[in-house]
Amino acid sequence: MLWNAVIFGCVCRNELILHRTFKLVIEFSEEYPNKPPTVRFISKMFHPNVYADGSICLDILQNRWSPTYDVSSILTSIQSLLDEPNPNSPANSQAAQLYQENKREYEKRVSAIVEQSWVDS
């Protein structure tokens, strides 16, 4: 079972907040809901908790999974992660370092990648 999903998020750019949509793929195994689905971004991302292949480093998709989570709670958690990265558990160490050391430059990089992703799609 393969689902396409879209979530809304914000990207900061020159002190403005731009609302964007991000595309994801959710893949459910036969073991769902006992095992979490695999979720990855299709949209290009520069984020401390997103791997280069779009996979997401999020506790509820790994070691804190519960069968009580549904698709809505997964997507809501991913939205929260977009707004509040966890640089202490990085999937992208360059993004995590930039987020911690130079937030303005981090936001510029995120904005540029998100904009390019929209141009490419």
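Parameters at a glance
Residues numbered from 1 in each chain as written. Predicted model: local features only at pLDDT ≥ 70, side-chain atom pairs only at ≥ 80, totals over all residues. Heavy atoms only, no water. UniProt positions renumbered as here; feature names shortened; annotations may be inferred. Helix = DSSP H or I, 4+ residues; strand = E, 2+ residues; numbered from the N terminus. Contact = heavy atoms within 4.5 Å. Phe/Tyr/Trp six-rings, centres within 6.5 Å; stacked < 30°, edge-to-face > 60°. Buried < 20%, exposed > 50% of the residue type's maximum accessible area, 1.4 Å probe, protein only. Lys NZ or Arg CZ within 6 Å of the ring centre and 35° of its normal.

Asks: When you look at the UniProt feature "active site" (unreviewed entry) in the protein chain in this model, what are you seeing that I'm missing?
Replies: Per the UniProt record, "active site" (unreviewed entry) is annotated on Cys-57. Counting through the fold element by element, Cys-57 comes out in the loop between β3 (38-41) and α1 (71-83). Excluding anything up to four places from it in sequence, Cys-57 contacts Asn-49, Tyr-51, Gln-62, Leu-81, Ser-89 and Ala-91.

Asks: Would you take a moment to explain the packing of aromatic side chains for this structure?
Replies: This structure, assessed with the given rule, holds seven aromatic pairs. Ring geometry for Tyr-99 against Tyr-106: centres 5.1 Å apart, planes inclined by 80 degrees, an arrangement best described as edge-to-face. An identical accessibility class is assigned to Tyr-99 and Tyr-106; each is buried. Ring pairing ties together the aromatic residues Trp-3, Phe-28, Tyr-32, Trp-65 and Tyr-69, which thus form one cluster. The ring of Phe-46 carries Arg-109 above its face, with NZ or CZ at 4.2 Å from the centroid.

Asks: Help me out: how do you make sense of the environment of Leu-2 in this one?
Replies: With respect to the secondary-structure elements, Leu-2 resides in strand β1 (residues 2-13). Put simply, Leu-2 and Cys-57 are 55 residues apart on the chain and 20 Å apart in space, counted from C-alpha to C-alpha. Here Leu-2 is in contact with Val-25, Ile-26 and Glu-27, once residues within four sequence places are set aside.

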